[in-house]
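Here is how the chains run, residue by residue.
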There are 2 protein chains.
Amino acid sequence: MQTADDCVFCRLISGQLEASLVYEDRRTVALMDIQPVTSGHMLVMPRSHSSSLADLDADDGAQIFRVAQLAAAALRHSGLRCQGVNLLLADGAAAGQEVFHVHVHVFPRFEGDGFGLRLPADSEIRPRAELDATASALREAWPAR
Amino acid sequence: MQTADDCVFCRLISGQLEASLVYEDRRTVALMDIQPVTSGHMLVMPRSHSSSLADLDADDGAQIFRVAQLAAAALRHSGLRCQGVNLLLADGAAAGQEVFHVHVHVFPRFEGDGFGLRLPADSEIRPRAELDATASALREAWPAR
């Protein structure tokens, strides 16, 4: 188990900082976000410190999704306002990552909740040839198994 | 393998509709979003039709995350503009789901890409007592294993 002394999430997991824990298993924990987008907003993260997807153990990642799926079910059965659920992960500062310990946000959505996405102006339907060229570049860059 | 005749993603997976495929395995496929947030935007989805997280096979979910992690690595090594990566899943219309076949968006981010989140006005740091009460409600609603 890797930990990082200067990581606020490692300190939440170890109990050095106060956390509101919802779920834990051998690989992962789910706890409340201190600044929720909507009430019920949880963070699902690996116990072992990984700063980014590039150094995340793949089995930890798989378990994070399993737990996020359970968290979504809990939200829907909790009595909290929840007509839908978003899962969101930010990898890198340019993607909005603020704490460099991998985590998935799981938060309930309801009509009029005030949350939304701002899309780039050029977010338009693209010609098939352009999509095929991009797909080809990504197939070439796909990690070897 | 479940399929739904009226599901556009099932039709992409089966080849009835044209798709730009990046990756496939026994459980999942990754293909280009026809209307990318940023160039390189992929959708990772299960082959088997599941309309929502509630009916998604947990092993399919785990594999979706594994593939999304590989997709993020491919984006970072592809030469496409990519300083960061977001993973986003919308479960339910209230969460922004538009096609009712579970999928994770994986898209590159870079400074000035024009993508952003609009947060609710009351997205503020909450008192520990409130977070603990919400955590307690979610623990009670957590699905039995």
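The preceding data block contains the structure.
Residues numbered from 1 in each chain as written. Chains lettered and ligands numbered in written order. Predicted model: local features only at pLDDT ≥ 70, side-chain atom pairs only at ≥ 80, totals over all residues. Heavy atoms only, no water.

Moving on, we come to the pairing of strand 4 (residues 84-91) of chain A. For strand 4 of chain A, the tally of buried residues reaches eight of eight residues, placing the bulk of the element in the interior. Burial of strand 4 of chain A is two-sided: the residues A:Gly84, A:Asn86, A:Leu88 and A:Ala90 facing one way and the residues A:Val85, A:Leu87, A:Leu89 and A:Asp91 facing the other way are all buried. Bridging between strand 4 of chain A and strand 5 (residues 104-109) of chain A involves six bridges; their strand directions are antiparallel. Looking at the pairing, A:Leu87 lines up with A:Val106 of strand 5 of chain A. Direction of pairing for strand 4 of chain A relative to strand 4 (residues 84-91) of chain B: antiparallel, over a ladder of seven bridges. The residue bridging A:Leu87 from the neighbouring strand is B:Leu89, located in strand 4 of chain B. (Buried < 20%, exposed > 50% of the residue type's maximum accessible area, 1.4 Å probe, protein only. Helix = DSSP H or I, 4+ residues; strand = E, 2+ residues; numbered from the N terminus. Pairing = 2+ DSSP bridges.)

Our next topic: the relation of the copies chain B and chain A. Of the transformation superimposing chain B on chain A, the axial component is 0.0 Å and the angular component is 180°, with the fit at an RMSD of 0.0 Å. Here the symmetry operator amounts to a two-fold rotation axis. Both copies present the same face, since 100% of the interface residues in chain B are matched by interface residues at the equivalent positions in chain A. (Least-squares fit on C-alpha atoms with pLDDT ≥ 70 in both. Contact = heavy atoms within 4.5 Å.)

Turning next to the pattern of salt bridges. Taken as a whole, this structure holds 18 salt bridges over all chains when the rule is applied. Linking A:Asp91 and B:Arg76 is a salt bridge whose minimum nitrogen-to-oxygen distance equals 3.0 Å. Taken together, the positions of A:Asp91 in strand 4 and B:Arg76 in helix 2 (residues 58-77) put the pair across two chains. The exposure class assigned to A:Asp91 is buried, which follows from its relative accessible area of 3%. One network of salt bridges, in which partners are shared, links A:Arg27, A:Asp57, A:Asp59, A:Asp60 and B:Arg66. (Salt bridge = Lys/Arg side-chain N within 4 Å of Asp/Glu carboxyl O.)

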